[in-house]
Amino acid sequence: MRKYYLLPILRTKKFDRNFGLEENKTYEVPAYKTTAVDTNGAGDMFAGGVIHGLSEGWENDKSARFGNFLASKGVAEIGPRLKKNKYIEYLNEFFKK
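Here the residue numbers are simple positions, counted from 1 along each chain's written sequence. Per-residue local features are limited, in this predicted model, to residues with pLDDT of at least 70; the limit for side-chain atom pairs, both in listing and counting, is 80 or more; totals at the level of whole chains, interfaces and linings are taken over all residues. To get the side-chain values, take all heavy atoms of the structure and skip hydrogens and water.

1. Side note on the packing of helix H2 (residues 60-74) against helix H3 (residues 84-96)
Only the stretch in contact is used when a helix axis is fitted, and all axes are lines through C-alpha atoms; the angle between N-to-C directions ranges over 0 to 180 degrees. We count a stretch as a helix when DSSP gives it H or I for four or more residues in a row; a strand needs E for two or more, and each element gets its number in order from the N terminus. Where H2 meets H3, the axes come as close as 11 Å, and the angle between the chain directions of the two elements is 130°. On the basis of their axis angle, the class for H2 and H3 is oblique. Both H2 and H3 take part in a crossing whose hand is right-handed. Side by side, H2 and H3 meet where Lys62, Arg65, Phe66, Phe69, Leu70 and Lys73 of the first sit next to Tyr87, Tyr90, Leu91, Glu93, Phe94 and Phe95 of the second. Residues are grouped as follows: Ala, Val, Leu, Ile, Met, Phe, Trp, Tyr, Cys and Pro are nonpolar; Asp, Glu, Lys and Arg are charged; every other residue, Gly included, is polar. Here the residues of the contact of H2 with H3 are counted per class, giving eight nonpolar, no polar and four charged. Each angle gets one of four labels, with under 35 degrees taken as roughly parallel, over 145 as roughly antiparallel, 65 to 115 as roughly perpendicular, and the rest as oblique. Handedness of a crossing is defined here by the sense of rotation of the near helix relative to the far one, left-handed for an anticlockwise turn of less than a right angle and right-handed for a clockwise turn. Whether two residues are in contact is decided by their heavy atoms, any of which lying within 4.5 Å being enough.

Written as structure tokens, this is what we have:
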């Protein structure tokens, strides 16, 4: 028997928040405060954080929050990628909040 899963729809909206749509609910995912230095790669960081969370089995809204969190860290640095050693640091920081 096949299982079918409805994936969430995540919509980004400027810098202040994102929205999630699921089968029976909608939710707002607030942004994290940061000082943007370079926005190159922010969308990829958001998507990567969401995919990381979903692959770990997190709820959709938590995955979207992690995406926002990573994007906020990424735009505070120069360049489109996080440094390798920073990813684990940010993952740990996300869980402390």
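2. Topic: the environment of phenylalanine 46
Relative to the elements of secondary structure, phenylalanine 46 occurs in helix H1 (residues 42-55). Along the primary structure phenylalanine 46 and phenylalanine 69 are separated by 23 residues, whereas in three dimensions their C-alpha atoms are 7.8 Å apart.

3. Considerations on the side chain of aspartate 38
Tracing the backbone through its elements, the reader meets aspartate 38 in the loop between strand E3 (26-30) and H1. Residue burial is assigned from relative accessible area. The probe radius is 1.4 Å, only protein chains are included, and a residue is buried under 20% of its type maximum, exposed over 50%, and partly exposed in between. Positive charge is attributed to Lys and Arg, negative charge to Asp and Glu, and no charge count is given to His or to the chain ends. For this document, the term salt bridge refers to a Lys or Arg side-chain nitrogen within 4 Å of an Asp or Glu carboxyl oxygen. Although buried, aspartate 38 forms no salt bridge, and the nearest oppositely charged side chain, lysine 83, lies 9.0 Å from it. A polar contact of 3.0 Å, which involves the side chain of aspartate 38, links it to the backbone nitrogen of asparagine 40. Sequence-distant contacts of aspartate 38, defined by excluding residues within four places in its chain, comprise Gly74, Val75, Glu77, Ile78 and Gly79. Polar contact is the term for a pair of N or O atoms within 3.5 Å; when the atoms are in protein, one must be able to donate a hydrogen and the other to accept it, and sequence-neighboring residues count only if both atoms are side-chain atoms.

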